[in-house]
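# Structural description and commentary
So you can see what is in the structure, the chains are spelled out below.
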Amino acid sequence: SFSSSLGLLLLLFCLTLYLFNVSWLKHQRLRWKLQRQGIRGPQPSLLYGNVPEMQRIQSAATQAANHGEFVAHDYVSTVFPYFERWRKEYGQIYTYSTGNKQHLYVNNPELVKEMNQCITFDLGKPSYVTKRLAPLLGNGILRSNGHVWAQQRKIVAPEFFMDKVKGMVGVMLESAQPLTKKWEASIEAQGGKVAEIRVEDDLRGVSADVISRACFGSSYKKGKHIFTKLRTLQETISVQSALFGLPTLGFLATRKQDVKDLEKEIEALIWDAIKEREHECLGAASSEKDLLQMILDGAMNDHCMGKDSSKHFIVDNCKNIYIAGHESTAVAASWCLMLLAVHPEWQARIREEMTQVCKNGILDADSLPKMKSVTMVIQEALRLYPPAAFVSREALEETQIGHINVPKGVCIWTLIPTLHRDHDIWGQDANEFKPERFSNGVSNACKVPQAYAPFGLGPRLCLGRNFAMVQLKVVIALIISKFTFTLSPNYKHSPAYRMIVEPGHGVNILISKI
Ligand code: HEM
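Residues numbered from 1 in each chain as written. Predicted model: local features only at pLDDT ≥ 70, side-chain atom pairs only at ≥ 80, totals over all residues. Heavy atoms only, no water.

A few words now on the coordination of the iron atom of the ligand. Donor atoms from the protein around the iron atom of the ligand number only one, Cys462 (SG), found at 2.3 Å. If you trace the backbone, Cys462 turns up in the loop between α20 (442–445) and α21 (465–482). (Donors = N, O, S within 2.8 Å, 3.2 Å for Na, K, Ca; no water. Helix = DSSP H or I, 4+ residues; strand = E, 2+ residues; numbered from the N terminus.)

In structure tokens form, the structure reads like this:
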């Protein structure tokens, strides 16, 4: 009838109006607020904002990719080419849209400094990115915001203070031994002189082993099993489109079920390890507390936490530490080895320094702080190839950062590699591998020390940075003390973004024994 068609039309009209308001007006209002402050940016399309343009720029860049001299190659130009394009067009601060979200790109060193000092709960992790990582991270330290985050940080942070990390050098050396043994065996198997090695799986094995031991101490075999499951879970969750903020296409129902099953299985395994622990340590005051014990104690001592939330607290944080620390450190080590393979003079320098500072050639917690060259090389590798590409925040409330008033709901992105190659900050040789720039520390290597941010910015600075630096030093120094290496002709330079920026086709090196 006429009246029901009219009703339907009216409904459709309201729905369209609602969608228009949600998808366009809301974002247009945010855009106006930013534009009024002089912030420009590309014109968004109605439904998907600038996503179609991002995809167009990305595919053009992929086709044109010519990595040429790869040390000089800035991965932003191939991995995030739209950010490069817009930076050139609109400057160090601009705004763009992904349809469902309005974003603010901030790469001005002065504002980065401000963000570093911005201690407020009003800036949090962007929920639209972290939402899809929920099965992996629960509500642990990486994903949570506000008081929940602060409480977890307070409990977990002391485990990674420098004095604690120093005590883990032995464990790190032990975890790295199988790698050197395996590589020696490869040399034997390939004729006794030179072997071609693909490094990343072996490096990943070392970092997983180190974290298992640090987290789970005596029950570390159980820990390794848990981490294998976590890795499967990580692989099952597709995060490729997280940056664009589009629904993850192809995320089939069966995979959703896989994710749920894995989540349950992991939770049960962690809980099992805890029960075993409680049984073993009943009454015994353990002096050597591993991370699991710290988290357990933290949960027990918090009287506001119910049994159920303390269980989640424990399970989530075990998962978070593994996810945060395992891949990033292994990938950083891969980039270090790639750069060292191209610069044998730095291998020689590190080797020479080791003969001077390691008594009887033994690497330990005392000799490590004296090894300046290896520290400089790692710092330079983290400058040129930072595994974490950006710091991202969402304004959970309206927030003032320097002279910018960031409206509620806007996501802020700071590109770490772009800061790391800024000529104004680092000088004209910013694209070159020159570890000597760090010979007098970070503050003397560049004009704005806050612009060196491989471990992030502000109050959410990486909690494991000491742990990662010491582990990288141990692994790189140990490899260099046993092998010389060059880049294999099979190495294909192809930085790829998979949550972190890693060598897309791995790192192949040719190794010989010293
Ligand atoms: C070279 C290796 C590593 C790199 C490049 C790295 C980098 C980062 C970055 C960029 C952040 C984000 C900071 C921010 O949003 O401002 C972060 C956070 C974090 N990292 Fe690392 N990380 C590394 C190793 C580790 C290790 C080994 C652990 C632990 C074992 C760890 C634990 C964490 C945790 C728990 C957070 C979250 C801190 C918070 O939100 O309060 N990281 N890391």
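The mixed open sheet is built from five strands, whose spatial order is β1-β2-β8-β5-β3. The open sheet has two edge strands, β1 (93–97) and β3 (123–124), and neither has a second partner. Direction of pairing for β1 relative to strand β2 (residues 102–106): antiparallel, over a ladder of five bridges. Directly across from Tyr94, in β2, lies its bridge partner Tyr105. Across the sheet, helix α4 (residues 81–90) lies against β1, β2 and β8 (411–415), angled at about 130° from β1, the strand it touches most. (Pairing = 2+ DSSP bridges. Contact = heavy atoms within 4.5 Å. Axes fitted to C-alpha atoms, helices over the stretch in contact; angles between N-to-C directions.)

All right, on to the pairing of strand β9 (residues 483–487) then. Where burial is concerned, the two faces of β9 differ: the one with Phe483, Phe485 and Leu487 is buried and the one with Thr484 and Thr486 is not. In this structure, β9 lies alongside strand β12 (residues 508–513), joined through five bridges in antiparallel fashion. Pairing of Thr484 across the sheet is with Ser512, part of β12. (Buried < 20%, exposed > 50% of the residue type's maximum accessible area, 1.4 Å probe, protein only.)

Contact geometry for helix α17 (residues 372–384) and α21: axes closest at 10 Å, N-to-C directions at 115°. Judged by the angle between their axes, α17 and α21 are roughly perpendicular. The two elements α17 and α21 meet at a crossing, and its hand is right-handed. Here Val374, Thr375, Ile378, Gln379 and Leu382 of α17 lie close against α21, whose contacting residues are Met469, Leu472, Lys473, Ile476 and Ala477. (Parallel < 35°, antiparallel > 145°, perpendicular 65-115°, else oblique. Left-handed = near helix turned anticlockwise from the far one by under 90°.)

Of all the 11 residues making up helix α14 (residues 291–301), eight are buried; the element is thus mostly covered by neighbouring parts of the structure. Residues of α14 that are buried include every one of Leu291, Leu292, Gln293, Met294, Ile295, Leu296, Gly298 and Ala299, and no others.

As a further point, take the pattern of salt bridges. Between side chains of opposite charge, a pair can form when the charged atoms approach closely. Under the counting rule described, the total for this entry stands at 21 salt bridges. The salt bridge partner of Arg87 is Glu84, with a shortest N-O separation of 3.0 Å. Of this pair, Arg87 and Glu84 both sit in helix α4, separated by three residues, roughly a single helical turn. Overall, the relative accessible area of 26% leaves Arg87 in the partly exposed class. Notably, a salt bridge pairs Lys513 with Glu188, separated by 3.6 Å at the nearest N-O pair. Of this pair, Lys513 sits in strand β12 while Glu188 sits in helix α10 (residues 169–189), placing them 325 residues apart in sequence. The structure contains a network of salt bridges with shared partners spanning Glu380, Arg383, Asp429, Glu432, Lys434 and Arg437. (Salt bridge = Lys/Arg side-chain N within 4 Å of Asp/Glu carboxyl O.)

A word on the sheet that holds strand β4 (residues 194–198). The sheet built from three strands is open, its strands ordered β4-β12-β9 with antiparallel pairing. What marks the edges here is a single partner per strand, and that holds for β4 and β9. Taken over all neighbouring pairs, the strand axes of this sheet differ in orientation by 35° on average, direction set aside. Pairing of β4 with β12 involves five bridges; the strand directions are antiparallel. Directly across from Glu196, in β12, lies its bridge partner Leu510. Against the sheet, α21 engages β9 and β12, with an angle of about 100° to β9.

For the structure shown, the criterion picks out 24 aromatic pairs. Seen from their ring centres, Phe227 and Tyr322 are 3.9 Å apart, and the 15° between their planes marks the pair as stacked. Placement of the pair is Phe227 in helix α12 (residues 220–236) and Tyr322 in helix α15 (residues 307–342), with a sequence separation of 95 residues. Given the relative accessible area of 2%, Phe227 is considered buried. Joined through ring pairs, the aromatic side chains of Phe80, Tyr82, Phe83, Trp86, Tyr90, Tyr94, Tyr96, Tyr105, Phe390, Trp413 and Tyr497 make up one cluster. (Phe/Tyr/Trp six-rings, centres within 6.5 Å; stacked < 30°, edge-to-face > 60°.)

With that settled, consider the packing of helix α11 (residues 200–216) against α12. Contact geometry for α11 and α12: axes closest at 8 Å, N-to-C directions at 125°. Our classification of the angle between α11 and α12 gives oblique. Of the two elements, α11 crosses α12, and the hand of that crossing is right-handed. Within the contact between the two elements, α11 uses Arg204, Ala208, Asp209, Ile211, Ser212, Arg213, Cys215 and Phe216 and α12 uses Tyr220, Gly223, Lys224, Ile226, Phe227 and Arg231. Counted by class, the contact of α11 with α12 contains seven nonpolar, two polar and five charged residues. (Nonpolar A, V, L, I, M, F, W, Y, C, P; charged D, E, K, R; others polar.)

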